[in-house]
Amino acid sequence: MANKNSNSDEHQNHETKLLLDQVESLTKIGTWELDLEKNKLKWSDGVFQMLGYLPQEFEVTFEKGVEVIHPTDRERATALMEVVLQNDVEYFIEKKLITKAGNVIQVRSKANIIKDDKGTPIKLIGVFQDITEFVESQNQLEEQHSLTQDIIKNLPSAFFLFNRNGKHLLWNKQLEEITGYNKKEIASMTPIEMYEGKEKDKVQFHIEEVYKKGYTDLEAWLTTKSKAKVPLYFTALTIQYNGEKCIFGTGTDISQRFSLLHELELLISNTDEAFMYIDQELNVVSFNQQMKTHYDLLFHKDLKKGLKLTHLVRDDQKTELDEILNQVWNKKQAKAILKVIHDGE
């Protein structure tokens, strides 16, 4: 009967040991026990394997336990042990350990004090948890975050990121410089509050468009803190940020372009030649009074901005028009006579 009970106990102990090994392996933990009376340290198989050793490959001593602690953490770890025992506080520390191969792993160690009947500490029983992968992933995230912040900070354009409620979550110094608002003011404002009149309606429409389609671009006049008007070209997209769908993008100050256009209009309005300015999509952007007069006389209707230049050219001359435009886009002078469509002829 005694042998039967003994075999049963051995079987149960074996099963418990197998379960412990599986738990340690799956959770990347190992247990340890420090006998304070005998100054003797024990490691579970999980600790040995964590450090690259075979289970119970050598007899653990207190000195060996200190030796596997990385030199930069050794003094801090031993000092904490003394504080814990003297003040009866929780033992908790994150430190680096050195493996058999000489590699460094990050562990989190926590332990409880075991006392005798008189309340005297006799043991520390604790666990090591290998958190190397977690620490490395956190470091990578921090590096990526730092890189992202550096990129945003050094963008030549204003950068912004806000959520569905219009709360600004990220922005750069350029946005503050363009708007005239400081960090605290921008944090308390919605993007819409930086616009007035029709510009406000336009921006609101495009915000809704971004959430529907994922992208938009537009030109809008922003009203600064000093009530000045600044023309900006925006591009914006949606992004998942901190678990919510947000809008991020850039705003480029195009004041110089508008200034050049104004100077161009002044120039062409004071020349005797008929002049028309078109963009790369061949839309009429600007023209002077002489061009308007010629157009009115020829077509008996008003010349308007946005008209396609190709609508005025006969089909058999579109190839020639393409050649002329190719020379112009390559900054070469081009001269030609093209017949235009007049009353369908």
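See the structure above.
Anyway, here's the lowdown on the structure attached to this text. Being a predicted model, the structure only gives us computed values, none of them experimental.

Describing the side chain of K95
Structurally, K95 is set in strand β3 (residues 91–98). At 8.3 Å, D73 is the nearest oppositely charged side chain to K95, a buried residue that forms no salt bridge. A polar contact of 3.4 Å, which involves the side chain of K95, links it to the side chain of Y91.

Regarding the pairing of strand β9 (residues 229–241)
Two strands pair when backbone bridges link them, and strand β8 (residues 215–223) and β9 are joined in this way by 9 bridges, in the antiparallel orientation. Looking at β9, one finds that T223 is bridged to K229. With antiparallel pairing between neighbouring strands as the criterion, β8 and β9 make up a hairpin whose turn holds 5 residues, including K227 at a positive phi of roughly 75 degrees. As paired elements, β9 and strand β10 (residues 244–253) share 10 bridges and run antiparallel to each other. Paired with A236 across the strands is G249, a residue of β10.

Section: the environment of K42
Here K42 is to be found in strand β2 (residues 40–43). Setting aside its immediate chain neighbours within four residues, K42 contacts T31, W32 and E33.

Section: the environment of T223
Looking at where T223 falls in the secondary structure, it is placed in strand β8. Taking the relative accessible area as the measure of exposure, T223 reaches 3% and is therefore buried. For the pair formed by T223 and E193, sequence separation is 30 residues and the distance between their alpha carbons is 8.7 Å. Apart from the residues within four sequence positions on either side, T223 is in contact with M194, Y195, E196, A228 and K229. A distance of 2.9 Å separates the side chain of T223 from the side chain of K229, its partner in a polar contact.

Here we look at the sheet that holds strand β5 (residues 121–130)
The antiparallel open sheet is built from 5 strands, whose spatial order is β2-β1-β5-β4-β3. A single partner strand is all that each edge strand has here, and the edge strands are β2 and β3. Looking at each pair of strands side by side, their axes are set apart by 25 degrees on average, direction ignored. Relative to β5, strand β1 (residues 29–35) is paired through 7 bridges, and the arrangement is antiparallel. Bridge pairing in β5 links D35 to K123. Against the sheet, helix α4 (residues 71–87) engages β1, β3, β4 (104–115) and β5, with an angle of about 155 degrees to β3.

A closer look at unusual backbone geometry
One non-glycine residue, D88, lies in the positive phi region at around 55 degrees. Within the fold, D88 resides in the loop between α4 and β3. In this structure, N242 is a non-glycine residue whose phi angle is positive, near 55 degrees. Summarising the element assignment, N242 is placed in the loop between β9 and β10. The exposure class of N242 is exposed, given its relative accessible area of 67%.

Scoring rules and cut-offs
Residues numbered from 1 in each chain as written. Predicted model: local features only at pLDDT ≥ 70, side-chain atom pairs only at ≥ 80, totals over all residues. Heavy atoms only, no water. Helix = DSSP H or I, 4+ residues; strand = E, 2+ residues; numbered from the N terminus. Buried < 20%, exposed > 50% of the residue type's maximum accessible area, 1.4 Å probe, protein only. Lys, Arg positive; Asp, Glu negative; His and termini not counted. Salt bridge = Lys/Arg side-chain N within 4 Å of Asp/Glu carboxyl O. Polar contact = N/O pair within 3.5 Å; in protein donor to acceptor, adjacent residues only side chain to side chain. Pairing = 2+ DSSP bridges. Contact = heavy atoms within 4.5 Å. Axes fitted to C-alpha atoms, helices over the stretch in contact; angles between N-to-C directions.

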